[in-house]
Amino acid sequence: MSSMVSYEKAVDDMTTICIRKMHQFAEDGRLTDVPHWMQYYAFDVIGEITFNKSFGMMEHEADTTGMIPGIRKANDSLAFLGIIPNLLPWVITLTTLIGKQSGSGALNGYALDVISETREMNKQSTVRDSKSYDTFLKKLVDMEAGGRIKMPNVMDACASNIGAGSDTTAITLSAALFYLFTNPQVLKTLREEIDTMAADGRISDPVTFQEAQDMHYLQATIKETLRLHPAVGTILPRVVPEGGIELSSQYFPAGTEVGVNSWVLHYSKDTYGPDAERFRPERWNSAEKTKMMESMMFAFGGGSRTCIGRNISLLEITKVIPQIVRKFDLVLEHPDKPMDTKCAWFVYPAYKGWFKLRGSK
Ligand code: HEM
């Protein structure tokens, strides 16, 4: 975790821009597409950490790279093609033949440009990180120069960071804000925690990652969001190894693909209680049940292919949510409607609202 905390400065810089812009939205009385705004935030953070260079999406209030719809298109089509993976090479060949650019074209093009630039500067030893951390790309380019990895690995690692680490975090953030601002009692309790700790001098502005570890209600709120709205909405398949396996009294021979969808696990009444469908962070207060409930959490997957960006996303979520909650109210465009979602591979929330300065009319 200590290496993650070295990225805290990047998260703080991006959070400062986010909050400044939100002040502007509030002043202008602007109706905001909240999930979209959180996407700009998450993309800018991951750009900063990966390339030492945010995408400037928040500053420009726009997708400056054109990669957001491309990543979404790629995710959506891979979710369906993933059901019949043998079709994938045929589809790729066909789309290449007819000259259609893949959804991830903008992302790959952007990554390639920044990597080439950094490799060149690295050769001339002019890459001096101005930040207090080494970016992913700097570490990767050094590894490549040392012969430990090759250029396709550098490209793959950078593109994976952006593709896997932006929308997932943005989805979690927008789900958290929706749940908080539609559950007044939860919001009140979280604000009490923030205000009390701030008055006692136990948290800073912005909250440091270290301080946030003692914010028990904040931590429960984040867990409850990841439970009720895991970003990935498909099963995470695994191939049964040699010898087969018995799962829930059912034998599966070697080579069978098995998997489970986190949405099924997370809504289990056996595990989370009869109110499993409710957003109730208090359920994480019970020391006795927490261990069992945690063991069933699957938002980041599990085992050898578990999410490698988990701690980065937790760093972002843990730091930006208290900043938004302590400064703003959110009035939803349709306060009585449940959250709308668009689901393929990822489960994207869709809603709009007005940010207002906390306590203002
Ligand atoms: C709330 C945010 C996030 C969620 C919910 C999430 C969720 C997931 C899930 C479910 C998997 C599949 C795990 C499995 O099959 O067991 C995964 C894999 C992965 N995630 Fe994340 N992720 C998040 C943030 C990030 C971030 C910030 C990064 C990068 C900085 C990242 C990079 C990756 C990569 C590279 C993999 C593939 C790992 C492998 O196959 O070995 N993720 N993530």
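Residues numbered from 1 in each chain as written. Predicted model: local features only at pLDDT ≥ 70, side-chain atom pairs only at ≥ 80, totals over all residues. Heavy atoms only, no water.

Chemist: Would you explain the pairing of strand S9 (residues 352-357) in this entry?
Modeler: The side chains of a regular strand alternate between both faces of the sheet. Of the pairings in the sheet, the one linking strand S1 (residues 31-33) to S9 comprises three bridges and is antiparallel in character. Within the sheet, the bridge partner assigned to Asp33 lies in S9 and is Lys352. (Pairing = 2+ DSSP bridges. Helix = DSSP H or I, 4+ residues; strand = E, 2+ residues; numbered from the N terminus.)

Chemist: Looking at this structure, I do not really get the UniProt feature "binding site: heme" (unreviewed entry) in the protein. What am I missing?
Modeler: As annotated in UniProt, the feature "binding site: heme" (unreviewed entry) corresponds to Cys307 in the numbering used here. Topologically, Cys307 is positioned in the loop between helix H16 (287-295) and helix H17 (310-327). Accessibility expressed as a relative area gives 33% for Cys307, which makes it partly exposed. (UniProt positions renumbered as here; feature names shortened; annotations may be inferred. Buried < 20%, exposed > 50% of the residue type's maximum accessible area, 1.4 Å probe, protein only.)

Chemist: Would you take a moment to explain the site of the ligand for this structure?
Modeler: In the vicinity of the ligand there are 22 residues, among which Gly165, Arg238, Gly302, Arg305 and Cys307 approach most closely. Arg238 places a polar side-chain atom, nitrogen or oxygen, 2.6 Å from an oxygen atom of the ligand. Every element with two or more residues in the shell around the ligand is listed here: helix H9 (151-165), helix H10 (167-181) and H17. For the shell around the ligand, the class distribution of residues is 10 nonpolar, 10 polar and two charged. (Near = heavy atom within 4 Å. Polar contact = N/O pair within 3.5 Å; in protein donor to acceptor, adjacent residues only side chain to side chain. Nonpolar A, V, L, I, M, F, W, Y, C, P; charged D, E, K, R; others polar.)

Chemist: In this structure, what is going on with the environment of Thr50? I would like to understand it.
Modeler: Positionally, Thr50 belongs in helix H3 (residues 34-51). For the pair Thr50 and Ala159, spaced 109 residues apart in the sequence, the C-alpha separation amounts to 9.4 Å. Contacts of Thr50, omitting those with residues within four sequence positions, involve Thr135, Phe136, Leu137, Cys158, Asn161 and Ile162. (Contact = heavy atoms within 4.5 Å.)

Chemist: Any chance you could explain the pattern of salt bridges here in plain terms?
Modeler: For side chains of opposite charge, pairing can occur when their charged atoms come near one another. Evaluated as defined, the whole model comprises 20 salt bridges. When the shortest N-O distance is used, the salt bridge between Asp195 and Arg358 registers 2.8 Å. Residue Asp195 is found in helix H11 (residues 184-199), and its partner Arg358 is found in the segment after S9; the two are separated by 163 residues along the sequence. Between Arg280 and Asp275 there is a salt bridge whose closest N-O contact spans 2.6 Å. Several salt bridges share partner residues, and in doing so they unite Glu224, Arg227, Asp275, Arg280 and Arg283 into one network. (Salt bridge = Lys/Arg side-chain N within 4 Å of Asp/Glu carboxyl O.)

Chemist: Just checking my understanding: could you explain helix H2 (residues 8-28) for this structure?
Modeler: Since the α-helix advances by 3.6 residues per turn, residues separated by three or four positions end up pointing in the same direction. Helix length check: H2, at 21 residues, gives a terminal C-alpha distance of 30 Å against a target of 30 Å (1.5 Å per residue), a fit within 8%. Listed as buried for H2 are Glu8, Ala10, Val11, Met14, Thr15, Ile17, Cys18, Ile19, Lys21, Met22, Phe25 and Ala26. In the stretch just after H2, Gly29 is the one whose phi turns positive, near 60 degrees. (Expected span 1.5 Å × (residues − 1).)

Chemist: Even after reading the chapter, I still don't get the packing of aromatic side chains, so can you show me in this structure?
Modeler: The geometry of two aromatic rings is summed up by the distance between their centres and the angle between their planes. Tallied over the full model, the rule gives 15 aromatic pairs. Aromatic side chains Phe328 and Phe355 sit 6.2 Å apart centroid to centroid with 70 degrees between the ring planes, which places their arrangement in the edge-to-face category. Here Phe328 is found in strand S6 (residues 328-332), whereas its partner Phe355 is found in strand S9, with 27 residues between them in sequence. In this pair, the class of Phe328 matches that of Phe355, namely buried. Taken together, Phe43, Phe51, Phe55 and Tyr110 form an aromatic cluster joined through their ring pairs. A cation over a ring is seen here: Arg72 above Tyr348, with NZ or CZ 3.7 Å from the ring centre. Across the ring face of Tyr272, the terminal group of Arg227 is positioned such that the distance to the ring centre comes to 5.1 Å. (Phe/Tyr/Trp six-rings, centres within 6.5 Å; stacked < 30°, edge-to-face > 60°. Lys NZ or Arg CZ within 6 Å of the ring centre and 35° of its normal.)

Chemist: What exactly am I supposed to notice about the sheet that holds S9 here?
Modeler: Strand pairing in a sheet takes place through backbone hydrogen bonds and is either antiparallel or parallel in direction. Reading across the sheet, the three strands line up as S1-S9-S6 and stay open at both edges, with antiparallel pairing between neighbours. Taken across any chain shown, the strands that pair with only one partner, and hence form the sheet edges, are S1 and S6. Averaged over all adjacent pairs, the angle separating strand axes in this sheet is 45 degrees, with direction ignored. Summarising the sheet, S6 and S9 pair through five bridges and their orientation is antiparallel. Each bridged residue has a counterpart across the sheet, and for Asp329 the counterpart in S9 is Lys356. Sitting on the sheet, H2 touches S1, S6 and S9, and the angle it makes with S9 is about 95 degrees. Contacting S6 and S9, H17 crosses the sheet at an angle of about 85 degrees to S6. (Axes fitted to C-alpha atoms, helices over the stretch in contact; angles between N-to-C directions.)

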